[in-house]
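Chain by chain, the residues:
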Amino acid sequence: LSVLTAALGIAALRCWAVSPWRAASLLATSLLIKPIFAVAWLLLLFYSHAHARKTALLSAAFCAACLASVGWEIPAMLHQMAHNTMQHTQLLLSWRNLCLLFGLSLPGWSIALFWSGIGIFWLRLRHPNPAQLESIAILLSLYSLPLVWDHILTAILPMMMAVCARWLHQRPVISTSLSIS
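A few points on the structure. (Residues numbered from 1 in each chain as written. Predicted model: local features only at pLDDT ≥ 70, side-chain atom pairs only at ≥ 80, totals over all residues. Heavy atoms only, no water.)

## Section: the nonpolar core
Condition: For the purposes of this section, nonpolar cores are sets of buried Ala, Val, Leu, Ile, Met, Phe, Trp, Tyr and Cys residues that join through side-chain atoms within 4.5 Å. Buried residues are those whose accessible area, probed at 1.4 Å on protein chains only, stays under 20% of the maximum for their type, while exposed residues exceed 50% and partly exposed ones sit between those limits. Secondary structure elements follow DSSP: runs of H or I of four or more residues count as helices, runs of E of two or more count as strands, with numbering from the N terminus. Any two residues whose heavy atoms approach within 4.5 Å at even a single point are treated as in contact.
By size, the foremost hydrophobic cluster in this structure holds 34 residues, and its most contacted members are Leu-13, Trp-16, Leu-27, Phe-37, Leu-43, Leu-44 and Leu-133. Secondary-structure elements contributing two or more residues to this core are α1 (2-15), α2 (20-33), α3 (38-46), α4 (50-68), α7 (108-126) and α8 (130-143). Looking at which element gives the most residues to this core, the answer is α8, with seven residues. Here Trp-16 is in contact with Ala-23, Leu-44, Tyr-47, His-49, His-51, Ala-52, Thr-55, Pro-130, Leu-133 and Glu-134, once residues within four sequence places are set aside.

## Focus on α4
Our working rule: Expected helix span is given by 1.5 Å per residue-to-residue step, counting one fewer step than there are residues.
Between the first and last C-alpha of α4 there are 27 Å, a value that for 19 residues agrees with the 27 Å anticipated at 1.5 Å per step. Along α4, the residues that are buried comprise Ala-52, Thr-55, Ala-56, Leu-58, Ser-59 and Cys-63. Residues of α4 that are buried in the fold lie against α2 and α3.

## Examining a nonpolar patch on the surface
To keep it simple, the criterion reads: Residues forming no salt bridge and having over 30% relative accessible area are the ones grouped into patches, like charges within 9 Å of each other and nonpolar side chains (Val, Leu, Ile, Met, Phe, Trp, Tyr) within 5 Å. Computed by Shrake-Rupley with a 1.4 Å probe, the accessible areas treat only the displayed protein chains as cover when residues are assessed. By salt bridge we mean one thing: a side-chain nitrogen of Lys or Arg within 4 Å of a carboxyl oxygen of Asp or Glu.
On the surface, Leu-1, Leu-4 and Ile-33 cluster together into a nonpolar patch covering about 280 Å² of accessible area. With respect to the helices and strands, Ile-33 occurs in helix α2.

## Digging into the packing of aromatic side chains
Pairs of aromatic rings are described using the distance from one ring centre to the other and the angle between the two planes. This is how the line gets drawn: What counts as a ring pair is set by centres within 6.5 Å for rings of Phe, Tyr and Trp (its six-membered ring), and what kind of pair is set by the plane angle: stacked under 30 degrees, edge-to-face over 60, tilted for all other angles.
Enumeration according to the criterion identifies two aromatic pairs in this entry. Between Trp-16 and Tyr-47, the aromatic rings sit 5.6 Å apart at their centres with planes inclined by 85 degrees, giving edge-to-face as the arrangement. With Trp-16 in the loop between α1 and α2 and Tyr-47 in the loop between α3 and α4, the pair connects residues that are 31 residues apart, well separated along the chain. Here Trp-16 matches Tyr-47 in class, with each residue buried. Centroid distance Trp-21 to Phe-62: 6.3 Å. Interplanar angle 50 degrees. Geometry classified as tilted. With Trp-21 in helix α2 and Phe-62 in helix α4, this pair connects stretches of sequence that are 41 residues apart.

## With respect to the side chain of Ser-30
Mapped onto the fold, Ser-30 is located in helix α2. If sequence neighbours within four positions are ignored, Ser-30 has contacts with Thr-5, Leu-8, Gly-9, Pro-35 and Phe-37.

What follows is the structure, given as structure tokens:
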């Protein structure tokens, strides 16, 4: 499901400027399956473009409508999330092990909150173009996952995203939600 969720989230980020309704439905579906792109949703909400806010608000409405049908299960889900901390790993080189060295056992939502704050601060400071927003939204969405903090991916992810950002700047923005080159 993670690959499907990532594909839906990236497709939403690629088409929000052209079709906010399509992007909102893709992003809402992604968030309902797995909230991997919750940070990207927040960045769209705080981005200074009308289509970005429209996409974020529409996707929130889609999610709320879907969750209203299973509302009785939300308290149990929130209880589970509150007690879900980063899982132990045997990998020596990870940010999680660095946190544990200082006696910190961080819940998964705190990492997402931290990267959301970094992203919103960056949006206010830099006023990025849409391609830069896509790049940083994907990077911070991936960084917000506790699983990534358990692996060396935290060190190589910025390099991978720099390559993706360069590719996005070289490619023309297309009107379809997914492109295959």
